[in-house]
Amino acid sequence: MSTERRTPLDRKRVADTALRLLNEVGLDGLSLRAIAKELDVKAPALYWHFKDKQALLDEMATEMYRRMVADSPVTPEDTWKERLLKSNRGLRDALLGYRDGAKVFSGSRFTGTLHAVEMERTLRLFTEAGFTLAQAVRATSTSYLYTIGFVTEEQGVQPLPDERRAGYDVDERARLMADFPLSAAAGAEIFEDYGRHFEEGLDLVVAGIEARFRTC
């Protein structure tokens, strides 16, 4: 009989394993059965910690957020513009670290209150800069939704930064759309150089927030 002790099964270990497996199989291939096999346990053992797959996705998103905050470059001295730029760049970078990262993150509910700590700091920064609470919420949520949407589309083409799905060759697209020259030429603006295009879009969002609320 083996006397080797197994690492105790807890929520963090399951979430860590699920995030690692996510990069291999994607969200559609991620199941409690596959995670249980990776952990060398029976699937029912996971139900002691998560009632269903959505509960697990919630914990995965929370762990993604913990890691993102730990690597965050934001500081108390940031202006509201700097905070928006840093936080959304950090969010994109974090989501790109996982296959289908944006889909997992956007559809889930955080399981703790760490996000409230960061939200409180950000809302305070905005209100002290002259935003009303409603304006601060609108500014931060709009930039967040821009980033989530952008990365969702980006990962639809490039599931991981070094991987590109078939069917998104810009030159082939241009050939097929030869009768629509502007649409054909737009391919490079849609399906290539995502980093530059994200920055341009984020600048537009921040400029729009400043123009709409006339604050500085």
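Cut-offs applied
Residues numbered from 1 in each chain as written. Predicted model: local features only at pLDDT ≥ 70, side-chain atom pairs only at ≥ 80, totals over all residues. Heavy atoms only, no water. UniProt positions renumbered as here; feature names shortened; annotations may be inferred. Helix = DSSP H or I, 4+ residues; strand = E, 2+ residues; numbered from the N terminus. Buried < 20%, exposed > 50% of the residue type's maximum accessible area, 1.4 Å probe, protein only. Contact = heavy atoms within 4.5 Å. Expected span 1.5 Å × (residues − 1). Core = buried A, V, L, I, M, F, W, Y, C linked by side-chain atoms within 4.5 Å. Salt bridge = Lys/Arg side-chain N within 4 Å of Asp/Glu carboxyl O. Polar contact = N/O pair within 3.5 Å; in protein donor to acceptor, adjacent residues only side chain to side chain. Phe/Tyr/Trp six-rings, centres within 6.5 Å; stacked < 30°, edge-to-face > 60°.

The name given to the protein in an unreviewed UniProt entry is TetR/AcrR family transcriptional regulator C-terminal domain-containing protein, and the organism recorded there is Streptomyces prunicolor.

A. Region of interest: the UniProt feature "domain: HTH tetR-type" (unreviewed entry) in the protein. The feature "domain: HTH tetR-type" (unreviewed entry), as annotated in UniProt, sits at residues 8-68 in this numbering. Secondary structure across residues 8-68 divides into 70% helix and 0% strand, with the first and last C-alpha atoms of the span separated by 25 Å.

B. The side chain of Arg92, seen in detail. By the secondary structure assignment, Arg92 is in helix 4 (residues 80-95). Classification of Arg92 by relative accessible area gives buried; the value is 11%. Sequence-distant contacts of Arg92, defined by excluding residues within four places in its chain, comprise Thr147, Phe150, Val151, Glu154, Tyr194, Gly195 and Phe198.

C. Quick look at helix 4. With 16 residues, helix 4 ought to run about 22 Å at 1.5 Å a step, and its terminal C-alpha atoms sit 22 Å apart, in line with that. Looking at the buried positions of helix 4, the neighbouring elements they touch are helix 3 (53-70), helix 5 (101-106), helix 6 (114-128), helix 7 (133-157) and helix 11 (194-213).

D. Looking closely at the nonpolar core. Within the largest apolar cluster, 32 residues are counted, with the highest numbers of intra-cluster contacts made by Leu22, Ile35, Leu56, Met60, Leu95 and Phe105. For this core, the elements supplying multiple residues, two or more each, are helix 1 (11-29), helix 2 (32-39), helix 3, helix 4, helix 5 and helix 7. The element contributing the most residues to this core is helix 3, with eight residues. Core analysis: the second largest hydrophobic core is formed by 20 residues, Trp80, Leu84, Val205 and Val206 among them.

E. Structural detail: the UniProt feature "DNA-binding region" (unreviewed entry) in the protein. What UniProt calls "DNA-binding region" (unreviewed entry) maps, in this numbering, to residues 31-50. Taken end to end, residues 31-50 has its terminal C-alpha atoms 12 Å apart, with 40% of it in helix and 0% in strand.

F. Highlighting the pattern of salt bridges. All told, the structure shown has 19 salt bridges when counted by the stated rule. The salt bridge involving Glu63 is made with Arg66; its shortest N-O contact spans 2.8 Å. Of this pair, Glu63 and Arg66 both sit in helix 3, separated by three residues, roughly a single helical turn. Arg83 serves as the salt-bridge partner of Asp78, at 3.3 Å between the closest nitrogen and oxygen. Grouping residues by exposure puts Asp78 and Arg83 together as buried.

G. Representation of unusual backbone geometry. Of note in the backbone geometry, Asp40 takes a positive phi value of approximately 60° without being a glycine. In this fold, Asp40 is placed in the loop between helix 2 and helix 3. In this structure, Asp100 is a non-glycine residue whose phi angle is positive, near 60°. Inspection of the secondary structure assignment puts Asp100 in the loop between helix 4 and helix 5.

H. Structural detail: the environment of Gln155. You can see Gln155 is positioned in helix 7. Once the C-alpha coordinates of Gln155 and Asp100 are considered, the two residues, 55 residues apart in sequence, prove to be 6.5 Å apart. Among the polar contacts listed, one links the side chain of Gln155 to the backbone nitrogen of Ala102, at a separation of 3.1 Å.

I. Quick peek at the packing of aromatic side chains. Throughout the structure, instances matching the rule amount to 11 aromatic pairs. Measuring from centroid to centroid gives 5.6 Å for Phe105 and Phe110, while their planes differ by 70°, and the two rings are edge-to-face. Take Phe105: its relative accessible area is 5%, and that puts it in the buried class. On the basis of an interplanar angle of 20° and a centroid distance of 5.6 Å, the ring pair of Tyr146 and Phe198 is categorised as stacked. Residue Tyr146 is found in helix 7, and its partner Phe198 is found in helix 11; the two are separated by 52 residues along the sequence. Like Phe198, Tyr146 is buried. Of the aromatic side chains, those joined through ring pairs into one cluster are Trp80, Phe126, Phe131 and Phe213.

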